[in-house]
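Survey of secondary and tertiary structure
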Amino acid sequence: MENRVYNFAAGPSMLADDVLKRLKEELFNYNDTGMSVMEMSHRSKIYLEIYEKTKADLKKLMGINEDYEVFFMHGGATGVFASLPMNLLRNRADYIVTGNFSNKAAKEAMKYGQVNVIYDGKDNGYARIPDLKELFFDEDADYIHLCANNTIYGTEWKIFPDTGNIPLIADMSSDILSRKVNVSNFGMIYAGAQKNMGIAGLAVIIIKKDLIKDAMKITPSIMDYVLSQKNDSMLNTPATYPLYVLGKVLEWLDELGGIDEIEKRNIAKAKVLYDYLDSQSFYKPHAEKDSRSLMNVTFTTPDPELDALFASEATKQGMVNLKGHRLVGGIRASIYNAMPAEGVNKLVTFMDEFRKEHE
Ligand SMILES: *Cc1c(COP(=O)(O)O)cnc(C)c1O
């Protein structure tokens, strides 16, 4: 459709054509209101309907029960991992560092209290997720924080640790809505929207109600979960349009068959890429086999100049943003929910041609 490329960007990332079409249809005149959703008051009846439906659809799709609250925040995932310690850290917290964002989250928390980094994968180049046997939790920790999918390194937790009574908190920015997750196993889940939930400007928090208690005195009101709850995330103007886009993404996912169906598709898509990577020795996958991400597939060619050539040649064929993150180099194919199987198949065909030419 209309000269669209396959956009393998890690985030902001591609949206499904069907979602964009609906946004376009409603852009100038939403539901006979004569205005765009962008122009609406967040207190208007029509907008509140969008808001409530989006929240209800998210709860339904993810199976979020009444013990949990859903907040819509500004400031991205980075804003959330800053507000988190101000709200939940009372004595000390455990952080598991499996990549760049979990490291940033731990650093941020250190500003506000005692943080124990109970695992850091630096020594293995963040190529794997720790074995559950390697993790020892502080029985008195206020919470344990991890990053479910490491967007930059391409690793993903397959099984989450059972942390007993200690709330488990997960940054799911790059894998929320991509696979089934039992929300009840978590104290809190959060995500920036621009990977699998729509567009930048919005972050979502799913938090167990009994964790919402007095925040530190220094906490800005806009980051205070008690106030978020009291004001239903409308202490100030929420990210009205990104929230509406999330609603469209959720409708699209639901029509497709929900999380079960998208998970099947995501497994199949990732398999095509990983099977190809395992069938040859020109490209080297970064992540260890049992830690491989379904969302971000990272690998290198034998030489950084070839990595760059790979990305530029792919661009000419309508496959863009394949360059790896500046921290790790190489190549990264982000294949979020919106990436169709055709995009992945086309990439693998290109990879094999490129290999034959440069091996
Ligand atoms: C992208 C990303 C972030 C940062 O998100 P922002 O919304 O830009 O703050 C944090 N964690 C993970 C896992 C990410 O993929």
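Since the structure is predicted, the reported quantities are computational estimates derived from the model, not experimental observations.

**So, the domain arrangement of the protein chain**
Structurally, the protein chain comprises domain 1 (6-17 + 258-358) and domain 2 (25-254). Here the C-alpha centroids of domain 1 and domain 2 sit 26 Å apart. Tallying the contact residues gives 31 residues for domain 1 and 31 residues for domain 2. Between domain 1 and domain 2, roughly 2,600 Å² of surface is buried when both sides are summed, and carbon and sulfur atoms account for 57% of that area. Among the ionic pairs, E263 bridges to K180, the shortest N-O distance being 3.1 Å. Across the domain 1-domain 2 interface, the total number found is 19 residue pairs in polar contact (both at pLDDT 80 or more). Listing elements by their share of the side of domain 1 that touches domain 2, those giving two or more residues are α7 (258-278) and β12 (296-300).

**As for the side chain of R292**
Within the element layout of this structure, R292 appears in the loop between β11 (284-285) and β12. Beyond its immediate sequence surroundings of up to four residues, R292 is in contact with G154, E156, K158, Y274, D278, P285 and A287.

**Points about empty space enclosed by the protein**
Counted under the stated rule, the structure contains one cavity of 30 Å³ or more. Here the largest cavity is characterised by a volume of approximately 80 Å³. M14, L15, A16, V19, K195, N196, M197, G198, V249, W252, N337 and A338 together form the lining of the largest cavity. Looking at the lining of the largest cavity residue by residue, the classes come out as eight nonpolar, three polar and one charged. Per-domain counts for the lining of the largest cavity show at least three residues from each of domain 1 (6-17 + 258-358) and domain 2 (25-254).

**Observations regarding the site of the ligand**
Around the ligand, the structure places G76, A77, T78, F101, C147, N149, T151, D171, S173, S174, Q194 and K195. Here an oxygen atom of the ligand and a side-chain polar atom of Q194 are 2.9 Å apart. In the model, an oxygen atom of the ligand is placed 2.7 Å from a nitrogen or oxygen of the K195 side chain. Against a free-state accessible area of 380 Å², the protein chains account for coverage of 86% of the ligand. Here the residues of the shell around the ligand sort into three nonpolar, seven polar and two charged.

**Side note on the pattern of salt bridges**
Applying the stated criterion across every chain yields a total of 28 salt bridges. With a shortest N-O distance of 3.6 Å, K21 and D18 are connected by a salt bridge. One end of the pair is K21 and the other is D18, both in helix α1 (residues 17-25) and three residues apart, which spans about a single turn. Residue classification places D18 among the partly exposed positions, given a relative accessible area of 38%. A salt bridge links D278 to R292, with the nearest nitrogen and oxygen atoms 2.9 Å apart. Within this pair, whereas D278 is found in helix α7, its partner R292 is found in the loop between β11 and β12, the two being separated by 14 residues in sequence. Its relative accessible area of 38% is what places D278 among the partly exposed residues. Salt bridges sharing partners connect three or more residues here, namely E26, K53, D57, K248 and E251.

**Some details on unusual backbone geometry**
Glycine aside, residues mostly have negative phi, and peptide bonds are mostly found in the trans state. Cis peptide bonds are those with omega within 30 degrees of zero, and the linkage from G11 to P12 qualifies with -5 degrees. Assignment of secondary structure puts P12 in the loop between β1 (6-7) and α1. Within the chain, D32 stands out as a residue other than glycine whose phi angle is a positive 60 degrees. Its location among the elements puts D32 in the loop between α1 and α2 (45-62). Of the residues examined, D32 reaches a relative accessible area of 74% and is grouped as exposed.

Cut-off values and rules
- Residue numbers here run from 1 along each chain, matching the order of that chain's written sequence.
- In keeping with the model being predicted, local features are shown solely for residues with a pLDDT of at least 70 and side-chain atom pairs are shown and tallied solely at 80 or more, while totals for entire chains, interfaces and linings include all residues.
- Just so you know, side-chain values use all the structure's heavy atoms and leave hydrogens and water out.
- Here the bounds of each domain stem from an automatic or database domain assignment.
- Any two residues whose heavy atoms approach within 4.5 Å are treated as being in contact.
- Buried area is calculated as the accessible area (1.4 Å probe) missing from two parts once they are joined, with the contributions of both summed.
- Any Lys or Arg side-chain nitrogen found within 4 Å of a carboxyl oxygen on Asp or Glu counts as a salt bridge.
- Within 3.5 Å is the distance limit for a polar contact, defined as a pair of N or O atoms, with the added protein rule that one can donate a hydrogen and the other accept it, and that residues adjacent in sequence qualify only through two side-chain atoms.
- Each helix is a run of H or I in the DSSP string that is no shorter than four residues. Each strand is a run of E no shorter than two, and both are numbered from the N terminus.
- Any residue with an atom within 4 Å of a point lines the site, the site being either a cavity, points on a 1 Å grid over the protein atoms alone where a 1.4 Å probe fits but cannot get out, or a pocket, an open set with protein on both sides within 12 Å along at least 5 of 7 lines.
- Grid points are joined across faces, edges and corners, and a volume is the space filled by probe spheres set on the points.
- Ten residues, namely Ala, Val, Leu, Ile, Met, Phe, Trp, Tyr, Cys and Pro, are considered nonpolar, four, namely Asp, Glu, Lys and Arg, are considered charged, and the remaining ones, Gly among them, are considered polar.
- If a single non-hydrogen atom of a residue is within 4 Å of a molecule or strand, that residue counts as near it.
- Residue burial considers only the protein chains on display, and all accessible areas are found by Shrake-Rupley using a 1.4 Å probe.
- Only protein chains enter the calculation, and the probe is 1.4 Å; a residue is then buried if its accessible area is under 20% of its type maximum, exposed if over 50%, and partly exposed in between.

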